[in-house]
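Geometric and topological summary
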Amino acid sequence: MKIPISQPLFGPEELRAVQEPLESGWVVQGPKVKAFEDQFAAFIDTRFAAATTSCTTALHLAMVALGVKPGDEVLVPAFTWVATPNVVEYMGATPIFCDIDLTTFNIDVKKVESLITPKTVGLLPVHLFGLCADMDPLIRLAQKHHLWIVEDAACAFGGQYRGRHAGTFGKMGCFSFHPRKSITTGEGGMVTTTEPELDLMVRSLRDHGATRSDLSRHQETGGFLLPEYPHVGYNYRMTDIQGALGCAQMARASSILERRAALARRYDQKLAAFPWLKSPSVPEGYVHGYQAYVCLFRPEEPTLRSVKSFNVARNALMADLEANEIATRPGTHAPVLLEYYREKYRLRPEHFPNAFIADQLSLALPLFPQLSEENLDRICGALEQAYLRFNKLQNQGHR
């Protein structure tokens, strides 16, 4: 049986949960979405949480609510899913890319201040793969330069930094519930904040700019009074079917996170014998959410010159594992290498060496709660054999 890269954990509870809105007839954004929002806010210890259709739309709403406009600049990491800079582009603003720290895959905080200009309005750090960015220095920089922070916490459910959950440090935090995330609603997102004005704006913008939702209109007036529309908004509403699924997932969230962490520890132990594969780093004071288990393939310390040959080796390993019915993936990509950003801003790998290395050499291994220890051991054994085969072929080629 093929081992997938990820797999949602569903059971009878989820099946029953999604039946309830179907039976009630209320399937648009309603009481189940509100219950999910309340549970999520309580879990991460924030004041407000507003559900959306995806993390991308959550980030877009954050940009609109903060008034980002053409000519503004927003700092983003150079290694992240393309949605992060895309939401800046949506506003006609300019994403300013910052290289990453290869140890954590997150934005290199030492390089941020040199990129701040009079046009900079905010910082958009990403908590990649479940590990929080180093928030204290980013918060100090934001205060010094009068910038806002929005956290791209798409992968960061369960991640903590110095005792606080991801998504609670900036003006807003944005989460994803895509099927590869720790908890899922199929597709879906969440905007978290402690500021009531921002929360109200996000709730209005996700619902065409309305002053009240269908649920509140029904509760307050019996549904016969239509709302006002003071803003040009969007249709970014989560359905109650998704909200019900989210509630069922929240009920098992702690056990899901504990299982992912236990599997990650087993990976750490098994891969400690592989000096050519660097396991995820967890600095002191952090709790890794392990949305993904992403390693860095490096038979020796990579340089810009050696990356291409290492990339061939990494891809050979991935192909070998695929032949053994074990799915792998690159960690994510570097938007600075993708055609749109590369051509528009004339970006080159040497401008972002660590992002380039991560793009070419990161390797995500299967991680999901149903993964057995036996299959994890099978993955590590297959990985070792693939590397030995590659080395043998490489040595033969040098003769």
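The structure under discussion appears in the preceding block.
Residues numbered from 1 in each chain as written. Predicted model: local features only at pLDDT ≥ 70, side-chain atom pairs only at ≥ 80, totals over all residues. Heavy atoms only, no water.

One way to put it is that helix H10 (residues 307-323) packs onto helix H12 (residues 353-361) with a least axis distance of 9 Å and a crossing angle of 25°. The orientation of H10 relative to H12 falls into the category roughly parallel. Contacts between H10 and H12 pair Val307, Lys308, Phe310, Asn311 and Arg314 from the former with Phe356, Ile357, Asp359, Gln360 and Leu361 from the latter. Split by residue class, the contact of H10 with H12 holds five nonpolar, two polar and three charged. (Axes fitted to C-alpha atoms, helices over the stretch in contact; angles between N-to-C directions. Helix = DSSP H or I, 4+ residues; strand = E, 2+ residues; numbered from the N terminus. Parallel < 35°, antiparallel > 145°, perpendicular 65-115°, else oblique. Contact = heavy atoms within 4.5 Å. Nonpolar A, V, L, I, M, F, W, Y, C, P; charged D, E, K, R; others polar.)

Below, the discussion takes up the sheet that holds strand S11 (residues 286-287). Reading across from one edge, S7-S6-S11 is the order of the three strands in this open sheet, with antiparallel pairing throughout. The sheet terminates laterally at strand S7 (164-165) and S11, the two strands that pair on one side only. (Pairing = 2+ DSSP bridges.)

What the rule picks out here adds up to 24 salt bridges. Of the charged contacts in the structure, one is a salt bridge between Lys2 and Glu322, with a shortest N-O distance of 2.4 Å. With a gap of 320 residues between them, Lys2 in the segment before helix H1 (12-24) and Glu322 in helix H10 connect regions that are remote in the sequence. Glu322 gets classed as partly exposed once you look at its relative accessible area, which sits at 38%. As a salt-bridge pair, Asp108 and Lys110 come within 3.2 Å of each other at their nearest N and O atoms. Looking at Lys110, the relative accessible area reads 68%, which means it is exposed. Residues joined in a network through salt bridges with shared partners are Glu37, Asp199, Arg203 and Arg206. (Salt bridge = Lys/Arg side-chain N within 4 Å of Asp/Glu carboxyl O. Buried < 20%, exposed > 50% of the residue type's maximum accessible area, 1.4 Å probe, protein only.)

Below, the discussion takes up the nonpolar core. Among the nonpolar cores identified, the biggest contains 86 residues, and Phe79, Phe105, Tyr267, Leu271, Leu277, Tyr293 and Leu383 are the most heavily contacted of them. Residue contacts for Leu383: discarding those within four places in its chain leaves Leu271, Phe274, Trp276, Leu277, Leu317, Leu321, Leu363 and Leu365. (Core = buried A, V, L, I, M, F, W, Y, C linked by side-chain atoms within 4.5 Å.)

Among the secondary structure elements, Thr332 is positioned in the loop between H10 and helix H11 (339-344). On the basis of relative accessibility, which here comes to 13%, the residue Thr332 falls in the buried class. Every residue in contact with Thr332, bar those within four places of it in the chain, is listed here: Phe79, Thr80, Trp81, Leu128, Phe129, Asp359 and Ser362.

Below, the discussion takes up the packing of aromatic side chains. Evaluated as defined, the whole model comprises 22 aromatic pairs. An aromatic cluster is present here, built from Phe36, Phe40, Phe43, Phe157, Phe175 and Phe177 joined pairwise through their rings. The positively charged end of Arg164 is found above the aromatic ring belonging to Phe169, 4.3 Å away from the centroid. (Phe/Tyr/Trp six-rings, centres within 6.5 Å; stacked < 30°, edge-to-face > 60°. Lys NZ or Arg CZ within 6 Å of the ring centre and 35° of its normal.)

Let us look at the environment of Tyr236. With respect to the helices and strands, Tyr236 occurs in the loop between helix H7 (214-221) and helix H8 (240-251). Of the residues examined, Tyr236 reaches a relative accessible area of 15% and is grouped as buried. Distance in space between the C-alpha atoms of Tyr236 and Thr52 is 5.4 Å, their sequence separation being 184 residues. Non-local contacts of Tyr236, meaning those with residues more than four positions away in its chain, are made with Ala51, Thr52, Thr53, Thr57, His60, Leu61 and Arg206.

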